[in-house]
Amino acid sequence: MSSSLSDVEDQSASTDACFYYIPSTTDNDQIIHNSYPESNFYVIKNTQQLSSFPSSIMTVSRPGNARTLFTIVPSMPPDTMINTNSSQQRLLIKGGRVVNDDGTTLADVFVEEGIIKQIGLNLVVPGGTKTIDATGKLVMPGGIDTHTHFELPFMGTKSVDDFLSGTRAAIAGGTTTILDFVIPAKEQSLLEAYAQWRERADAKVCCDYGLHVAITTWNDQVAQDMEKLTKEKGVNSFKVFMAYKGVFMLQDDEIFQVFSKCRELGAIAMVHAENGSVISELEKEMSQLGITGPEGHLLSRPEKLEAEATNRAITIADQTRCPLYVVHVMSKTAADKVTEARLKGQIVFGEPIAASLGIDGSQYFHTCWRHAAAHVMSPPLRNDVTTGPYLMDLLANGTLSATGTDHCTFNANQKALGKDDFRKIPNGVNGVEDRLAVIWTKGVETGKLDVNQFVAVTSSNAARIFNIYPKKGRIAVGSDGDCIIWDPAATKTISASTHHQACDFNIFEGFHCHGLPIVTIVAGKIAYENGQLSAIQGSGKYLETPCFAEYVYQKLYKREQLREQQMKQQKIEREPYTGEVIDINKATSEADSKAKPKGQINTSSGEPTTAATAGFHSRPATRAGPYEKNKLY
């Protein structure tokens, strides 16, 4: 029995299916539910298990396939799930090499009820356990994408990948956890926006997800909401924008306050680093020069402005003693600022993304407007083919820490909002499905990364930074059963015609991948195998990210103690000052009486006050005579 139909079953014609109507807690009208796109109907092909459903559930028999009758077939709620055969809850991954960030070993992995229960050779497992042959393959933790924007309302439209298509695509690419961003609308509270994102995601996600929250304005209420989010909602990361002037951008003093609050709460400050004020002026300049195409986006956002803002954010974080996570590092000079800070011991993490590692900004000069516009994102891809390899080297040596995608997809007709003005092109590209394959091809296949470093930068480091390790990011007893079986020899060519993302363009079109996930296991269940997706809508769970991550804050605890001691040592004990203190009001009054404007009547003599009597220096005219405008001297 299944709570949803597979693609093959769903496409079969003239098939009888039983649709179970489960009354909503807010609306018991069956007709409305029958027509509403997100109806409470569930499909069962095996009518022999009718008795498993509560008697309160109404049965509706209809001929035909599910998608003809109903737009969406949601996953089964927990209170109406059927007890499945125990073997479906047990998996044995046999014969593979288990790869973690700190080592590789030949071992079998037994997963039961979504949790890894045993690792080793010659394991004794219950009868009926499903076995997956991983001989000659790598068994690794599922990927963690630190940076997605599903269903994001932005620049007059909404990103096309929602939490269903986005997480399905993630699973197809070997990612089993995503971290999305809550971005409040104007005048919207953080708590309201958080609730809105949870509502969008919970019923759709096919894998576990967590949430960062963006701070787009600053006041006492925002500070209070941050506290509630950390203590009651499981949020440990807050993002500020130094770009998008007039929309999301904060000023330096506001950023200081946000970072200070993050440190107080044990959260991680995140930053989109670009100088938004200067960008705004350069955009006007491009417009005046008649540059309206996608190349104007790159030309108005030069690399120096990313580096300057990165350095400024790092400086503010240093002054507030707050850990900082720099999202989407897109340039060599911005990465250098992260490097400099880390060499000095500052707690700073840098995140390159699949796009900055895999392609470059030459795409903005493509003669096809649609092609060029499809690559518009902020900060932009850099028109320097050495940027990707440079960033990969920094991942390899540990200077940059984790990888995301900034996955925020728009179709051609949405990008066309800026067909006459690059400033109106919705910013965003794909990557959630492609990230692991691109990084393996550009990193492992080039000898820059070993397999353990690959796991670190695609999964383990993110899990540590956002405090979900070792639940996520590791193959270990007690960890979640989120695993991938990776075939280093598998190949494919990326194409929008075959990807699972909802967008009609792929920025990696034609990219030849060497090394792919052939099986993705989510919560102990096979969700993707040999090109076939079987991910279940709504099966993912919200993932709380606790504050005061030891990986992030351990050093800061001691540093804060030492700083307090050092500050006390620098305090000077001295005798209080007992001398005269100037009366500012009196001094100002006397100064005004001595310096009256020329021509003002002297109250004591009745004569006009001259420059000389007013205390100004006076001298006779020079032999050259008065200054004459436009005369050469």
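Here is what the cut-offs are and how they apply
Residues numbered from 1 in each chain as written. Predicted model: local features only at pLDDT ≥ 70, side-chain atom pairs only at ≥ 80, totals over all residues. Heavy atoms only, no water. Helix = DSSP H or I, 4+ residues; strand = E, 2+ residues; numbered from the N terminus. Buried < 20%, exposed > 50% of the residue type's maximum accessible area, 1.4 Å probe, protein only. Contact = heavy atoms within 4.5 Å. Areas by Shrake-Rupley, 256 points an atom, 1.4 Å probe, with all protein chains shown as cover. Salt bridge = Lys/Arg side-chain N within 4 Å of Asp/Glu carboxyl O. Core = buried A, V, L, I, M, F, W, Y, C linked by side-chain atoms within 4.5 Å. Expected span 1.5 Å × (residues − 1). Lys, Arg positive; Asp, Glu negative; His and termini not counted. Phe/Tyr/Trp six-rings, centres within 6.5 Å; stacked < 30°, edge-to-face > 60°. Lys NZ or Arg CZ within 6 Å of the ring centre and 35° of its normal. Axes fitted to C-alpha atoms, helices over the stretch in contact; angles between N-to-C directions. Parallel < 35°, antiparallel > 145°, perpendicular 65-115°, else oblique. Left-handed = near helix turned anticlockwise from the far one by under 90°. Nonpolar A, V, L, I, M, F, W, Y, C, P; charged D, E, K, R; others polar. UniProt positions renumbered as here; feature names shortened; annotations may be inferred. Pairing = 2+ DSSP bridges. pLDDT = per-residue confidence, 0-100.

Undergrad: Quick rundown of the overall build of the protein? Include the residues and the values.
TA: For the protein, the count of helices and strands is 19 helices and 23 strands. Of all 633 residues assigned to the protein, the portion counted as buried reaches 52%. When contacts within the protein are restricted to residue pairs at least 6 apart in sequence, those whose partners lie at least 24 apart make up 75%. Total accessible area on the protein is roughly 29600 Å²; 51% of this is exposed by carbon and sulfur atoms.

Undergrad: Give me the pattern of salt bridges: which residues, what numbers.
TA: Tallying each qualifying case throughout the model produces 30 salt bridges. Residues Arg321 and Glu560 are paired through a salt bridge, measuring 2.9 Å at the closest nitrogen-oxygen approach. Of this pair, Arg321 sits in the loop between α10 (303-320) and β18 (324-326) while Glu560 sits in helix α18 (residues 550-570), and the two are 239 residues apart along the sequence. Using a relative accessible area of 22% as the deciding quantity, one classes Arg321 as partly exposed. When salt bridges with common partners are traced through the structure, they connect Asp208, Lys471, Lys472, Asp480 and Asp482 into a single cluster.

Undergrad: Mind laying out the nonpolar core, listing which residues take part and the relevant values?
TA: One recurring pattern in soluble globular proteins: nonpolar side chains tend to sit buried together. Counting 101 residues, the largest nonpolar core has Ile215, Met226, Phe238, Phe259, Leu324 and Tyr325 as the members making the most contacts within it. Top contributing element to this core by residue count: helix α17 (residues 451-465), with seven residues. Those residues in contact with Met226, other than ones at most four positions away along the chain, are Leu190, Ile215, Trp218, Phe238, Val258, Lys261, Cys262 and Leu265. Counting 26 residues, the second largest nonpolar core, distinct from the first, contains Ala354, Ala373, Val376 and Met377.

Undergrad: Tell me about α18, and name the residues and values.
TA: The end-to-end C-alpha distance of α18 is 30 Å, a good match for the 30 Å that 21 residues give at a rise of 1.5 Å each. In the core, the buried residues of α18 are packed alongside α7 (252-265), β17 (268-272), β19 (348-350) and α17.

Undergrad: How would you sum up the side chain of Arg200? Please name residues and give values.
TA: Mapped onto the fold, Arg200 is located in helix α5 (residues 190-202). Despite its burial, Arg200 pairs with no opposite charge; the closest candidate is Glu151, at 4.6 Å N-O. Not counting the four nearest positions on each side in its chain, Arg200 is found in contact with Glu151, Pro153 and Phe163.

Undergrad: Requested: an account of the packing of aromatic side chains, with residues and values cited.
TA: Each aromatic ring pair is specified by the distance between its two centres and by the angle formed by the two planes. All told, the structure shown has 18 aromatic pairs when counted by the stated rule. For the pair Trp440 and Phe454, a centre-to-centre distance of 5.0 Å together with 85° between the ring planes defines the contact as edge-to-face. Highlighted residues: Trp440 in helix α16 (residues 435-444) and Phe454 in helix α17, separated in sequence by 14 residues. Ring centres 5.3 Å apart and planes at 40° place the aromatic pair Trp440 and Trp486 in the tilted group. Of this pair, Trp440 sits in helix α16 while Trp486 sits in strand β20 (residues 483-493), and the two are 46 residues apart along the sequence. Per residue, the accessibility class of Trp440 equals that of Trp486, and both read buried. Directly above the ring of Phe181 sits Lys239, whose terminal nitrogen or CZ lies 4.5 Å from the centroid. Taking NZ or CZ as reference, Arg301 lies 5.8 Å from the ring centre of Tyr244, over its face.

Undergrad: Outline the side chain of Lys239, listing residues and values.
TA: Assignment of secondary structure puts Lys239 in strand β16 (residues 237-241). Look past the residues within four positions of Lys239 in its chain and what remains in contact with it is His147, His149, Phe181, Val213, Ala214, Ile215, Met270, His272 and Val327.

Undergrad: Describe the packing of α7 against α10, and please don't skip the residues or the numbers.
TA: Here α7 crosses α10 at 50°, and the two axes come no closer than 9 Å. Compared by their axis directions, α7 and α10 come out oblique. Along this stretch, α7 crosses α10, giving a crossing that reads as right-handed. For the pair α7 and α10, the contacting residues are Asp252, Ile255, Phe256, Phe259, Ser260 and Arg263 in the first and Arg312, Ala313, Ile316, Ala317, Gln319 and Thr320 in the second. When its residues are assigned to classes, the contact of α7 with α10 shows six nonpolar, three polar and three charged.

Undergrad: Could you give an account of unusual backbone geometry, naming the residues involved and the relevant values?
TA: In this model, Ser378 is joined to Pro379 through a cis peptide bond whose omega is -10°. Mapped onto the fold, Pro379 is located in the loop between α13 (369-374) and α14 (387-396). In the segment running from Tyr469 into Pro470, the intervening peptide bond is cis, with an omega of 0°. In this fold, Pro470 is placed in the loop between α17 and β20. The residue Ala523 is not glycine, and still its phi comes out positive at about 50°.

Undergrad: So what's going on with the UniProt feature "modified residue: N6-carboxylysine" (unreviewed entry) in the protein? Which residues, and what values?
TA: Look at the UniProt record and you will see "modified residue: N6-carboxylysine" (unreviewed entry) annotated at Lys239. Its relative accessible area of 2% is what places Lys239 among the buried residues.

Undergrad: Help me get a handle on the sheet that holds strand β6 (residues 103-106), residues and values and all.
TA: Pairing within the open sheet is mixed, and its seven strands lie in the order β6-β5-β10-β20-β21-β22-β23. In this open sheet, the two edge strands, each paired with only one partner strand, are β6 and β23 (532-533).

Undergrad: A description of the confidence of the model for the protein should follow, citing residues and the corresponding values.
TA: For the protein, mean pLDDT is 86; residues scoring 70 or higher make up 79% of the total. Counted against residues more than four places away or in other chains, residues 1-86, with its pLDDT under 50, gives 130 contacts. Low pLDDT (under 50) marks residues 611-616, which in the prediction has seven contacts with non-local residues, meaning those over four places away or in another chain.

Undergrad: Report on the pairing of strand β5 (residues 97-100), specifying residues and quantitative values.
TA: The sheet contact formed by β5 and β6 spans four bridges and is antiparallel. For Val99, the partnering residue across the bridge sits in β6 and is Thr104. The hairpin turn running from β5 into β6, its antiparallel successor, is two residues long. Sheet topology places β5 next to strand β10 (residues 138-141); two bridges connect them, and they run parallel. When the sheet's bridge partners are listed, Val98 is paired in β10 with Val139.

Undergrad: Hey, could you go over the sheet that holds β19 for me, with residue numbers and the actual values?
TA: Taken together, the seven strands give an open sheet; going across it, the order is β11-β14-β15-β16-β17-β18-β19, and neighbouring strands pair in parallel fashion. The outermost strands of the open sheet, each flanked by one partner alone, are β11 (143-148) and β19. The sheet shows a mean angle of 25° between the axes of neighbouring strands, taken without regard to direction. Two elements, β11 and strand β14 (residues 175-182), share four bridges in a ladder whose sense is parallel. Along β14, the bridge assignment pairs Thr148 with Asp180. In the packing of α5 onto the sheet, the strands contacted are β14 and β15 (208-215), and the crossing angle to β15 comes to about 155°.

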